[in-house]
Amino acid sequence: MADMPATARPRSSAARVCTIIAFVFAVIAIFFLPPLFGLVGLILGIVGGVLGDKPLGWYAAAASVAGAVLGIIIGYAILHS
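How each quantity is defined
- Residues numbered from 1 in each chain as written.
- Predicted model: local features only at pLDDT ≥ 70, side-chain atom pairs only at ≥ 80, totals over all residues.
- Heavy atoms only, no water.
- Core = buried A, V, L, I, M, F, W, Y, C linked by side-chain atoms within 4.5 Å.
- Buried < 20%, exposed > 50% of the residue type's maximum accessible area, 1.4 Å probe, protein only.
- Helix = DSSP H or I, 4+ residues; strand = E, 2+ residues; numbered from the N terminus.
- Contact = heavy atoms within 4.5 Å.
- Expected span 1.5 Å × (residues − 1).
- Arc of directions from axis to C-beta.
- Phe/Tyr/Trp six-rings, centres within 6.5 Å; stacked < 30°, edge-to-face > 60°.

J.: How should I be thinking about the nonpolar core in this particular structure?
T.: When a protein is soluble and globular, its nonpolar side chains tend to lie buried together. Of all hydrophobic cores here, the largest spans seven residues; its members are Cys18, Ala22, Phe25, Ala29, Phe37, Leu44 and Ala60. Of all the secondary-structure elements, those providing two or more residues to this core are helix 1 (13–31) and helix 2 (34–51). Here this core takes four residues from helix 1, the largest share from any one element. Setting aside residues up to four positions removed in sequence, phenylalanine 37 forms contacts with Phe25, Ile28, Ala29 and Phe32.

Below is the structure:
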C-alpha cells in the first residue's frame, strides 16, 4: 500500500459488486429493454470505477453502453424484417 498514490482509492467489495452487476446488466441489455438495462449498467460501472475497481468498472460501463446499442440494433432488425 505504500506504493499507492494519495489520490487512488483502495478497491472495496462494494465496488466489485457494482462492477459485476454492471456486466450482468450489459448482457441483459442485449436481449431485454436495452435503454433501461444499459443505463443502469452504465451507472453501476461508473460507480464501481469511482469506488476503486479500476479499470474493470470502466470496462463494465463501456460494455453496458455497447450492450444497449447492440440490443437496440437487434431489436430494430427483428421488428423491421
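J.: Teacher, can you tell me more about helix 2 here?
T.: Residues three or four positions apart in an α-helix share a direction because the helix packs 3.6 residues into each turn. Taking 1.5 Å as the rise per residue, helix 2 with 18 residues should run 26 Å; its terminal C-alpha atoms sit 25 Å apart, in good agreement. The set of residues buried in helix 2 consists of Pro34, Phe37, Gly38, Gly41, Leu44, Gly45, Gly48 and Gly49. Angularly, the buried residues of helix 2 cover 135 degrees about the axis, an arc narrow enough to put them on a single face. For helix 2, the elements touching its buried residues are helix 1 and helix 3 (56–79). Once helix 2 ends, the next one or two residues include glycine 52, with phi positive near 125 degrees.

J.: Looking at this structure, how should I read unusual backbone geometry?
T.: A negative phi holds for most residues other than glycine; trans holds for most peptide bonds. Between lysine 54 and the following residue, proline 55, the backbone shows a cis peptide bond with an omega angle of -10 degrees. Within the secondary structure, proline 55 is located in the loop between helix 2 and helix 3. For leucine 33, which is not glycine, the phi torsion reads 45 degrees and is therefore positive. You can see leucine 33 is positioned in the loop between helix 1 and helix 2.

J.: Help me out: how do you make sense of the environment of isoleucine 43 in this one?
T.: Topologically, isoleucine 43 is positioned in helix 2. Along the backbone, isoleucine 43 and threonine 19 are 24 residues apart, and their C-alpha atoms lie at a distance of 9.8 Å.

J.: What is the right way to read the packing of aromatic side chains from this model?
T.: The relative placement of two aromatic rings is captured by the distance of their centres and the angle of their planes. Taken as a whole and assessed by the stated rule, the structure comprises two aromatic pairs. Taken together, the ring pairs in this structure connect Phe25, Phe32 and Phe37 into an aromatic cluster.

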